[in-house]
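For reference, the chains in residue letters:
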Amino acid sequence: MDAAEFARIIRKAGTPEDRIAWFGALLAREARKPVEVVGGSAIEIYLSSASYVSQAVDLVGDPAAIESVLRRWGFRQLEGRSGRTYWTDQIVGLVDLVGLADRSGLSPHKVSTPFGPVTLSAPEPLIIRRLMRADRENSVDRFRQAVALARIGNLDWEYLQSEARYEKVEPALRRLRKLIQT
């Protein structure tokens, strides 16, 4: 797929979360390697852009394979103030390759798109990050996002409890659990 075809397809996405999901699915298909959408980008797909809008598309995967496709699609490489490399284009925006693999140990979720499945971070690490930010920023919105993610269901509560203990957000996790059980 060349840059023109990619642009034609991605412009048809009806919502910001569709744009991210389609981008992830197309990128994995073109790279012929696993690509996982993580961080705020995964939250946006799970909850919809009405609830949360990510500032960048966060990806985990083989950097060489991903970068080859991004170059072919006309993305430009940028260097951030910290020396990190990002990719950007006018339709998708900023793309951040955050690592080779998700280290949570949890199985990612797959969501269907018209272009094949997109792989998303498991919700548990996202819940913990929301609880951490809610606590640090005293943010009701971040806590509500954690609750909404928890309502996806079928969670690994042992993982959540272990991470909450490590990140010192156990009271917030207990409160979240009470809310989703009512």
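Residues numbered from 1 in each chain as written. Predicted model: local features only at pLDDT ≥ 70, side-chain atom pairs only at ≥ 80, totals over all residues. Heavy atoms only, no water.

What follows is about the sheet that holds strand β4 (residues 85-89). Reading across the sheet, the 7 strands line up as β3-β4-β5-β2-β1-β7-β6 and stay open at both edges, with mixed pairing between neighbours. Looking at strand neighbours, the two that pair on one side only are β3 (76-79) and β6 (109-113), the edges of this open sheet. Shown here is a sheet whose adjacent strand axes are inclined to one another by a mean of 40°, direction ignored. Inspection of the sheet shows β4 paired to strand β5 (residues 93-99) by 3 bridges, in the antiparallel sense. Counted as the bridge partner of Thr88 is Leu94 from β5. Packed onto the sheet, helix α3 (residues 39-47) meets β1 (35-38), β2 (57-61), β6 and β7 (116-120) and runs at close to 80° relative to β1. (Pairing = 2+ DSSP bridges. Helix = DSSP H or I, 4+ residues; strand = E, 2+ residues; numbered from the N terminus. Axes fitted to C-alpha atoms, helices over the stretch in contact; angles between N-to-C directions. Contact = heavy atoms within 4.5 Å.)

Sheet topology places β2 next to β5; 4 bridges connect them, and they run parallel. The residue bridging Leu59 from the neighbouring strand is Leu97, located in β5. In this structure, the hairpin formed by β4 and β5 is closed by a connection of 3 residues.

The biggest cluster of nonpolar side chains holds 55 residues, and the ones touching the most others in it are Phe23, Leu59, Trp73, Val95 and Leu176. Among the elements that take part in this core, helix α2 (residues 16-31) stands out by supplying 8 residues, more than any other. (Core = buried A, V, L, I, M, F, W, Y, C linked by side-chain atoms within 4.5 Å. Buried < 20%, exposed > 50% of the residue type's maximum accessible area, 1.4 Å probe, protein only.)

Inspection of the secondary structure assignment puts Arg84 in the loop between β3 and β4. Arg84 sits in the partly exposed class, given a relative accessible area of 35%. Between the C-alpha atom of Arg84 and that of Ala65, which follows or precedes it by 19 residues, the distance is 18 Å. In contact with Arg84, other than residues within four places in its own chain, are Leu78, Glu79, Asp96, Leu97 and Val98.

Turning our attention to the packing of helix α6 (residues 140-150) against helix α8 (residues 170-181). Where α6 meets α8, the axes come as close as 10 Å, and the angle between the chain directions of the two elements is 55°. Taken together, α6 and α8 sit at an angle that is classed as oblique. Of the two possible hands of crossing, α6 and α8 adopt the one that is right-handed. For the pair α6 and α8, the contacting residues are Phe143, Ala146, Val147 and Ala150 in the first and Ala172, Arg175, Leu176, Leu179 and Ile180 in the second. (Parallel < 35°, antiparallel > 145°, perpendicular 65-115°, else oblique. Left-handed = near helix turned anticlockwise from the far one by under 90°.)

Where helix α1 (residues 3-10) contacts α2, the two axes come as close as 10 Å, and the packing angle between them is 145°. Pair α1 / α2 crosses with right-handed handedness. On the side of α1, the interface is formed by Phe6, Ile9 and Ile10, while α2 contributes Arg19, Trp22, Phe23 and Leu26. Taken together, the residues of the contact of α1 with α2 sort by class into 6 nonpolar, no polar and 1 charged. (Nonpolar A, V, L, I, M, F, W, Y, C, P; charged D, E, K, R; others polar.)

For the rest of this paragraph, the subject is the layout of surface pockets. Approximately 590 Å³ is the volume attributed to the largest pocket. Taken together, 25 residues make up the lining of the largest pocket; nearest its centre are Val38, Gly39, Asp58, Val98 and Arg129. Mapped by element, the contributors of at least two residues to the lining of the largest pocket are α3, β2, β5 and α5 (123-137). At 5 residues, α5 tops the list of elements feeding residues into the lining of the largest pocket. Residue classes in the lining of the largest pocket are distributed as 12 nonpolar, 7 polar and 6 charged. The space that makes up the second largest pocket amounts to roughly 200 Å³. Lining the second largest pocket, in full, are Leu131, Ala134, Asp135, Asn138, Ser139, Val140, Phe143, Lys168, Val169, Pro171, Ala172 and Arg175. Broken down by secondary-structure element, the contributors of at least two residues to the lining of the second largest pocket are α5, α6 and α8. When the residues that make up the lining of the second largest pocket are grouped by side-chain class, the tally is 7 nonpolar, 2 polar and 3 charged. (1 Å grid on protein atoms, 1.4 Å probe; cavity = no way out; pocket = protein on both sides within 12 Å on 5 of 7 lines; lining within 4 Å. Points joined across faces, edges and corners; volume = space filled by probe spheres on them.)

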